[in-house]
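Coordinate inspection notes
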Amino acid sequence: PYYVDINQNLFLEAYLHSSDSNLVLFVDTCVASPNPHNFTTVTYDIIRNGCVRDSTYATYYSPYTHMVRFKFNAFQFIRNNPSVYLQCELVVCRAYDYSSRCYQGCITRSKREASS
């Protein structure tokens, strides 16, 4: 485990190991949970569908398209859950394919889509 204080900046970096330099990495969703085996019941969205949900989330410059860097402030779930587990979904796309998920950014569903 990695130990931090509450509100301490947590810096993360994801890197795609590939010889193909025409790939882009995109952070679609990062969800925190007090349970390493359950990311649906008690969760906290840091980023969801490319939309930032945590006000302390920030992205950082990356010299490579196949690397993403971001940070958020450490927090704790209530009810004495000392551990927080993070699960992130990243998308790999072809560089300059502007119709791909990587270039769409934040996707919000309309109420009509959500109710059907």
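A quick note: this is a predicted structure, and the numbers were derived from the prediction, not measured.

Take the overall build of the chain next. Regarding its fold elements, the chain presents one helix and seven strands. Ordering the α and β elements of the chain from the N terminus gives β-β-β-β-β-β-β-α. The principal-axis extent of the C-alpha atoms belonging to the chain is close to 45 × 40 × 25 Å. Within the chain, contacts between residues at least 6 apart in sequence are counted, and of these 61% link residues at least 24 apart.

Counting residues in hydrophobic clusters, the biggest one holds 16 residues, and the most contacted among them are Val27, Cys30, Ile46 and Tyr57. Put simply, the parts of the chain that give this core at least two residues each are strand 1 (9-15), strand 2 (23-33), strand 3 (44-48) and strand 6 (67-73). Among the elements that line this core, the one with the most residues is strand 2, at five residues. Not counting the four nearest positions on each side in its chain, Val27 is found in contact with Ile47, Gly50, Tyr57, Val68, Phe70, Glu89 and Leu90. Core analysis: the next-biggest nonpolar cluster, separate from the first, contains five residues, Phe26, Cys93, Ala95 and Cys102 among them.

Under the counting rule described, the total for this entry stands at six aromatic pairs. Between Phe11 and Tyr60 the ring centres are 5.8 Å apart and the planes differ by 55°, which places this aromatic pair in the tilted class. Note that Phe11 is positioned in strand 1 and Tyr60 in strand 5 (residues 58-60), a separation of 49 residues in sequence. You can call Phe11 exposed: its relative accessible area is 56%.

A few words on the state of the cysteines. For the coordinates displayed, the defined rule picks out three disulfides. The connectivity of the disulfide bonds within the chain can be written as 1-3, 2-6, 4-5, using the sequence rank of each bonded cysteine.

Let's shift gears to the pattern of salt bridges. With the rule as written, the count across this model stands at four salt bridges. Between Arg48 and Asp45 there is a salt bridge; the shortest N-O distance is 2.9 Å. By relative accessible area, which is 28% here, Arg48 ends up partly exposed.

Right, let's talk about the sheet that holds strand 3 for a bit. Pairing within the open sheet is antiparallel, and its four strands lie in the order 4-3-2-7. Two strands bound the open sheet, and with one partner strand each, they are strand 4 (51-52) and strand 7 (85-94). When strand 3 meets strand 4, the two strands line up antiparallel, connected through two bridges. Counted as the bridge partner of Arg48 is Cys51 from strand 4.

About the criteria used
- Residues numbered from 1 in each chain as written.
- Predicted model: local features only at pLDDT ≥ 70, side-chain atom pairs only at ≥ 80, totals over all residues.
- Heavy atoms only, no water.
- Helix = DSSP H or I, 4+ residues; strand = E, 2+ residues; numbered from the N terminus.
- Contact = heavy atoms within 4.5 Å.
- Core = buried A, V, L, I, M, F, W, Y, C linked by side-chain atoms within 4.5 Å.
- Buried < 20%, exposed > 50% of the residue type's maximum accessible area, 1.4 Å probe, protein only.
- Phe/Tyr/Trp six-rings, centres within 6.5 Å; stacked < 30°, edge-to-face > 60°.
- Disulfide = S-S within 2.5 Å.
- Salt bridge = Lys/Arg side-chain N within 4 Å of Asp/Glu carboxyl O.
- Pairing = 2+ DSSP bridges.

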